[in-house]
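# Per-entry structural report
The chain contents come next:
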Amino acid sequence: MAIIETEATLHDAHRDNHTHRDVSGGWLRPAVFGAMDGLVSNFALMAGVAGGAVSQQTVIITGLSGLAAGAFSMAAGEYTSVASQRELVEAELAVERRELRKHPVDEERELAELYVSRGVEPELAAEVARQLSKDPEQALEIHAREELGIDPGDLPSPTVAAVSSFGSFALGALLPVLPYLLGASALWPAVVLALVGLFACGAVVARVTARSWWFSGVRQLALGGAAAGVTYLLGSLFGTAVG
(Lines give C-alpha, C1' and ligand atoms only; values in the text may rest on other atoms or scores of the structure.)
Protein backbone atom coordinates (compact mmCIF):
# COMPACT_ATOMS: atom_id res chain seq x y z
CA MET A 1 0.00 0.00 0.00
CA ALA A 2 2.81 2.37 0.91
CA ILE A 3 4.59 1.60 -2.37
CA ILE A 4 1.44 2.42 -4.38
CA GLU A 5 0.99 5.70 -2.53
CA THR A 6 4.66 6.58 -3.09
CA GLU A 7 4.36 5.86 -6.82
CA ALA A 8 1.20 7.98 -7.01
CA THR A 9 2.96 10.82 -5.23
CA LEU A 10 5.93 10.64 -7.61
CA HIS A 11 3.56 10.56 -10.58
CA ASP A 12 1.73 13.66 -9.34
CA ALA A 13 5.03 15.44 -8.71
CA HIS A 14 6.25 14.61 -12.21
CA ARG A 15 2.98 15.81 -13.72
CA ASP A 16 3.20 19.10 -11.79
CA ASN A 17 6.85 19.69 -12.73
CA HIS A 18 6.61 18.55 -16.36
CA THR A 19 5.32 21.73 -17.91
CA HIS A 20 6.14 23.48 -21.17
CA ARG A 21 6.18 27.07 -22.30
CA ASP A 22 3.34 28.33 -24.46
CA VAL A 23 5.22 28.03 -27.76
CA SER A 24 2.44 29.74 -29.69
CA GLY A 25 2.56 32.77 -27.41
CA GLY A 26 -1.23 32.83 -27.09
CA TRP A 27 -2.66 36.34 -27.03
CA LEU A 28 0.32 37.85 -25.21
CA ARG A 29 2.83 37.69 -28.03
CA PRO A 30 0.76 39.39 -30.78
CA ALA A 31 -0.54 41.99 -28.31
CA VAL A 32 2.92 42.93 -27.10
CA PHE A 33 4.40 42.94 -30.59
CA GLY A 34 1.52 45.11 -31.80
CA ALA A 35 2.18 47.62 -29.02
CA MET A 36 5.91 47.44 -29.70
CA ASP A 37 5.35 48.10 -33.40
CA GLY A 38 3.23 51.15 -32.60
CA LEU A 39 5.76 52.43 -30.10
CA VAL A 40 8.81 52.04 -32.34
CA SER A 41 7.21 53.40 -35.52
CA ASN A 42 5.56 56.41 -33.89
CA PHE A 43 8.54 57.18 -31.68
CA ALA A 44 10.84 57.12 -34.70
CA LEU A 45 8.40 59.24 -36.73
CA MET A 46 8.11 61.86 -34.00
CA ALA A 47 11.87 61.89 -33.44
CA GLY A 48 12.44 62.51 -37.13
CA VAL A 49 10.00 65.40 -37.20
CA ALA A 50 11.32 66.87 -33.94
CA GLY A 51 14.85 66.68 -35.39
CA GLY A 52 13.73 69.18 -38.01
CA ALA A 53 13.32 71.82 -35.28
CA VAL A 54 9.55 72.19 -35.76
CA SER A 55 6.99 73.50 -33.30
CA GLN A 56 5.46 71.52 -30.42
CA GLN A 57 2.09 71.59 -32.18
CA THR A 58 3.60 70.04 -35.32
CA VAL A 59 5.13 67.19 -33.31
CA ILE A 60 1.81 66.51 -31.58
CA ILE A 61 -0.10 66.48 -34.86
CA THR A 62 2.53 64.18 -36.34
CA GLY A 63 2.31 61.80 -33.40
CA LEU A 64 -1.49 61.65 -33.39
CA SER A 65 -1.59 61.26 -37.17
CA GLY A 66 0.97 58.46 -36.99
CA LEU A 67 -1.07 56.76 -34.26
CA ALA A 68 -4.30 56.91 -36.25
CA ALA A 69 -2.78 55.97 -39.61
CA GLY A 70 -0.75 53.11 -38.18
CA ALA A 71 -3.60 51.70 -36.08
CA PHE A 72 -6.09 51.74 -38.97
CA SER A 73 -3.49 50.27 -41.31
CA MET A 74 -2.70 47.47 -38.87
CA ALA A 75 -6.38 46.73 -38.32
CA ALA A 76 -7.18 46.68 -42.03
CA GLY A 77 -4.17 44.52 -42.85
CA GLU A 78 -4.88 42.09 -40.03
CA TYR A 79 -8.57 41.82 -40.96
CA THR A 80 -7.77 41.12 -44.61
CA SER A 81 -5.05 38.62 -43.75
CA VAL A 82 -7.09 36.64 -41.23
CA ALA A 83 -10.25 36.77 -43.35
CA SER A 84 -8.36 35.44 -46.38
CA GLN A 85 -6.78 32.70 -44.28
CA ARG A 86 -10.16 31.74 -42.83
CA GLU A 87 -11.79 31.64 -46.26
CA LEU A 88 -9.02 29.39 -47.54
CA VAL A 89 -9.43 27.05 -44.58
CA GLU A 90 -13.20 26.93 -44.99
CA ALA A 91 -12.77 26.10 -48.68
CA GLU A 92 -10.43 23.23 -47.82
CA LEU A 93 -12.86 21.99 -45.16
CA ALA A 94 -15.65 22.02 -47.75
CA VAL A 95 -13.49 19.84 -50.03
CA GLU A 96 -12.77 17.43 -47.19
CA ARG A 97 -16.44 17.30 -46.18
CA ARG A 98 -17.42 16.50 -49.75
CA GLU A 99 -14.83 13.73 -49.97
CA LEU A 100 -16.06 12.20 -46.72
CA ARG A 101 -19.60 12.20 -48.05
CA LYS A 102 -18.79 10.79 -51.50
CA HIS A 103 -15.94 8.41 -50.64
CA PRO A 104 -16.27 7.39 -46.96
CA VAL A 105 -14.50 4.06 -47.44
CA ASP A 106 -11.49 5.63 -49.14
CA GLU A 107 -11.25 8.34 -46.49
CA GLU A 108 -11.44 5.75 -43.71
CA ARG A 109 -8.67 3.75 -45.39
CA GLU A 110 -6.61 6.92 -45.78
CA LEU A 111 -6.94 7.65 -42.06
CA ALA A 112 -5.93 4.09 -41.18
CA GLU A 113 -2.86 4.33 -43.43
CA LEU A 114 -1.90 7.57 -41.71
CA TYR A 115 -1.94 5.87 -38.31
CA VAL A 116 0.04 2.93 -39.70
CA SER A 117 2.68 5.34 -41.00
CA ARG A 118 3.02 6.61 -37.44
CA GLY A 119 3.72 3.17 -36.04
CA VAL A 120 0.27 1.83 -35.17
CA GLU A 121 -0.37 -1.84 -36.05
CA PRO A 122 -2.52 -2.21 -39.22
CA GLU A 123 -5.38 -4.02 -37.49
CA LEU A 124 -5.56 -1.53 -34.66
CA ALA A 125 -5.22 1.42 -37.06
CA ALA A 126 -8.12 0.10 -39.16
CA GLU A 127 -10.31 -0.33 -36.09
CA VAL A 128 -9.50 3.14 -34.76
CA ALA A 129 -10.23 4.69 -38.18
CA ARG A 130 -13.52 2.77 -38.39
CA GLN A 131 -14.73 3.96 -35.00
CA LEU A 132 -13.64 7.55 -35.56
CA SER A 133 -15.40 7.62 -38.94
CA LYS A 134 -18.82 6.78 -37.51
CA ASP A 135 -19.56 10.44 -36.76
CA PRO A 136 -19.18 12.60 -39.93
CA GLU A 137 -18.33 15.77 -37.99
CA GLN A 138 -15.79 13.99 -35.83
CA ALA A 139 -14.30 12.42 -38.94
CA LEU A 140 -14.05 15.85 -40.56
CA GLU A 141 -12.35 17.27 -37.48
CA ILE A 142 -9.80 14.47 -37.36
CA HIS A 143 -9.05 14.58 -41.09
CA ALA A 144 -8.65 18.36 -40.87
CA ARG A 145 -6.20 18.07 -37.99
CA GLU A 146 -4.22 15.21 -39.49
CA GLU A 147 -4.12 16.39 -43.11
CA LEU A 148 -4.45 20.17 -42.88
CA GLY A 149 -3.13 20.82 -39.39
CA ILE A 150 -6.16 22.91 -38.38
CA ASP A 151 -9.01 22.70 -35.88
CA PRO A 152 -12.39 23.43 -37.56
CA GLY A 153 -13.83 24.61 -34.25
CA ASP A 154 -11.05 27.06 -33.52
CA LEU A 155 -10.75 29.26 -36.60
CA PRO A 156 -9.46 32.82 -36.03
CA SER A 157 -11.90 35.73 -36.12
CA PRO A 158 -10.98 38.58 -38.51
CA THR A 159 -12.89 41.08 -36.38
CA VAL A 160 -11.14 40.08 -33.15
CA ALA A 161 -7.76 40.18 -34.91
CA ALA A 162 -8.46 43.64 -36.35
CA VAL A 163 -9.72 45.13 -33.08
CA SER A 164 -6.86 43.69 -31.03
CA SER A 165 -4.28 44.92 -33.57
CA PHE A 166 -5.83 48.39 -33.59
CA GLY A 167 -5.87 48.59 -29.80
CA SER A 168 -2.37 47.26 -29.16
CA PHE A 169 -0.78 49.42 -31.87
CA ALA A 170 -2.63 52.54 -30.66
CA LEU A 171 -1.57 51.90 -27.07
CA GLY A 172 2.09 51.64 -28.02
CA ALA A 173 1.95 54.63 -30.36
CA LEU A 174 0.35 56.76 -27.64
CA LEU A 175 3.35 56.54 -25.29
CA PRO A 176 5.70 58.98 -27.09
CA VAL A 177 2.80 61.41 -27.71
CA LEU A 178 1.63 61.42 -24.09
CA PRO A 179 4.28 63.80 -22.66
CA TYR A 180 3.44 66.38 -25.34
CA LEU A 181 -0.28 66.07 -24.61
CA LEU A 182 0.51 66.68 -20.93
CA GLY A 183 2.37 69.90 -21.71
CA ALA A 184 5.95 68.90 -22.52
CA SER A 185 7.64 71.17 -25.04
CA ALA A 186 10.88 69.21 -25.52
CA LEU A 187 11.54 65.77 -26.97
CA TRP A 188 13.42 64.26 -24.02
CA PRO A 189 10.33 63.35 -21.86
CA ALA A 190 8.93 61.43 -24.84
CA VAL A 191 12.32 59.74 -25.30
CA VAL A 192 12.43 58.64 -21.66
CA LEU A 193 8.87 57.29 -21.67
CA ALA A 194 9.36 55.54 -25.03
CA LEU A 195 12.60 53.87 -23.90
CA VAL A 196 10.94 52.67 -20.71
CA GLY A 197 8.08 51.30 -22.79
CA LEU A 198 10.49 49.54 -25.16
CA PHE A 199 12.31 47.89 -22.28
CA ALA A 200 9.01 46.82 -20.71
CA CYS A 201 7.73 45.32 -23.98
CA GLY A 202 10.94 43.39 -24.46
CA ALA A 203 10.83 42.11 -20.90
CA VAL A 204 7.23 40.95 -21.30
CA VAL A 205 8.07 39.11 -24.54
CA ALA A 206 10.64 37.12 -22.53
CA ARG A 207 7.70 35.31 -20.91
CA VAL A 208 7.22 33.32 -24.13
CA THR A 209 10.90 32.90 -25.03
CA ALA A 210 13.91 31.25 -23.47
CA ARG A 211 15.73 34.57 -22.99
CA SER A 212 15.99 36.41 -19.70
CA TRP A 213 13.74 39.43 -19.21
CA TRP A 214 16.62 41.90 -18.93
CA PHE A 215 18.26 40.65 -22.15
CA SER A 216 15.02 40.95 -24.12
CA GLY A 217 14.32 44.34 -22.57
CA VAL A 218 17.77 45.77 -23.34
CA ARG A 219 17.71 44.34 -26.88
CA GLN A 220 14.37 45.96 -27.68
CA LEU A 221 15.43 49.23 -26.06
CA ALA A 222 18.59 49.27 -28.19
CA LEU A 223 16.76 48.49 -31.44
CA GLY A 224 13.99 51.02 -30.88
CA GLY A 225 16.42 53.65 -29.66
CA ALA A 226 18.62 53.13 -32.71
CA ALA A 227 15.62 53.52 -35.06
CA ALA A 228 14.60 56.78 -33.35
CA GLY A 229 18.19 58.03 -33.33
CA VAL A 230 18.62 57.48 -37.05
CA THR A 231 15.34 59.20 -37.92
CA TYR A 232 16.18 62.12 -35.60
CA LEU A 233 19.51 62.53 -37.40
CA LEU A 234 17.79 62.39 -40.79
CA GLY A 235 15.19 64.88 -39.60
CA SER A 236 17.94 67.26 -38.51
CA LEU A 237 19.70 66.95 -41.86
CA PHE A 238 16.47 67.42 -43.82
CA GLY A 239 15.46 70.34 -41.62
CA THR A 240 18.81 72.04 -42.25
CA ALA A 241 18.63 71.38 -45.98
CA VAL A 242 15.04 72.57 -46.37
CA GLY A 243 15.43 75.48 -43.99
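Right, let's walk through the structure included here. (Residues numbered from 1 in each chain as written. Predicted model: local features only at pLDDT ≥ 70, side-chain atom pairs only at ≥ 80, totals over all residues. Heavy atoms only, no water.)

### Comments concerning the overall build of the chain
Helix and strand counts for the chain come out as 9 helices and 0 strands. Scanning the chain from its N terminus toward the C terminus, one meets helices and strands in the order α-α-α-α-α-α-α-α-α. A buried classification covers 32% of the 243 residues belonging to the chain. Long-range contacts, defined here as pairs at least 24 residues apart, represent 70% of the contacts in the chain between residues at least 6 apart. For the chain, the accessible area works out to roughly 14,800 Å², and carbon and sulfur atoms hold 64% of it. (Helix = DSSP H or I, 4+ residues; strand = E, 2+ residues; numbered from the N terminus. Buried < 20%, exposed > 50% of the residue type's maximum accessible area, 1.4 Å probe, protein only. Contact = heavy atoms within 4.5 Å. Areas by Shrake-Rupley, 256 points an atom, 1.4 Å probe, with all protein chains shown as cover.)

### Focus on the packing of aromatic side chains
Within the structure shown, the criterion is met by 3 aromatic pairs. For the pair Trp214 and Phe215, a centre-to-centre distance of 6.3 Å together with 80 degrees between the ring planes defines the contact as edge-to-face. (Phe/Tyr/Trp six-rings, centres within 6.5 Å; stacked < 30°, edge-to-face > 60°.)

### With respect to the packing of helix α3 (residues 56-102) against helix α6 (residues 136-148)
Where α3 meets α6, the axes come as close as 10 Å, and the angle between the chain directions of the two elements is 125 degrees. One element, α3, and the other, α6, form an angle in the oblique class. The element α3 and its partner α6 pack so that their crossing is right-handed. Of the residues in α6, those touching α3 at Glu92, Leu93, Glu96, Arg97 and Leu100 are Pro136, Glu137, Ala139, Leu140, His143, Ala144, Glu147 and Leu148. The class makeup of the residues in the contact of α3 with α6 is 7 nonpolar, 1 polar and 5 charged. (Axes fitted to C-alpha atoms, helices over the stretch in contact; angles between N-to-C directions. Parallel < 35°, antiparallel > 145°, perpendicular 65-115°, else oblique. Left-handed = near helix turned anticlockwise from the far one by under 90°. Nonpolar A, V, L, I, M, F, W, Y, C, P; charged D, E, K, R; others polar.)

### A short note on a positive patch on the surface
There is a patch of like positive charges on the surface, built from Arg97, Arg98, Arg101 and Lys102. Relative to the elements of secondary structure, Arg101 occurs in helix α3. Arg101 gets classed as exposed once you look at its relative accessible area, which sits at 58%. (Patch = residues over 30% accessible without salt bridge, like charges linked within 9 Å, V, L, I, M, F, W, Y side chains within 5 Å. Salt bridge = Lys/Arg side-chain N within 4 Å of Asp/Glu carboxyl O. Lys, Arg positive; Asp, Glu negative; His and termini not counted. Charge placed at Lys NZ, Arg CZ, Asp CG, Glu CD.)

### Thoughts on the packing of helix α7 (residues 158-181) against helix α8 (residues 188-205)
Packing of α7 against α8 brings their axes to within 8 Å, and their N-to-C directions diverge by 150 degrees. In this view, α7 runs roughly antiparallel relative to α8, as classed from their interaxial angle. Handedness of the crossing formed by α7 with α8: right-handed. Of the residues in α8, those in contact with Leu175, Pro176, Leu178, Pro179 and Tyr180 of α7 are Pro189, Ala190, Leu193 and Gly197. A per-class count over the contact of α7 with α8 returns 8 nonpolar, 1 polar and no charged.

### Brief notes about the pattern of salt bridges
Scanning the model with the defined rule gives 6 salt bridges in all. Glu146 is the salt-bridge partner of Arg118, the closest N and O atoms lying 2.8 Å from each other. Of this pair, Arg118 sits in the loop between α4 (104-117) and α5 (122-132) while Glu146 sits in helix α6, and the two are 28 residues apart along the sequence. Overlapping salt bridges bring together Glu141, Arg145 and Asp151 as one network.

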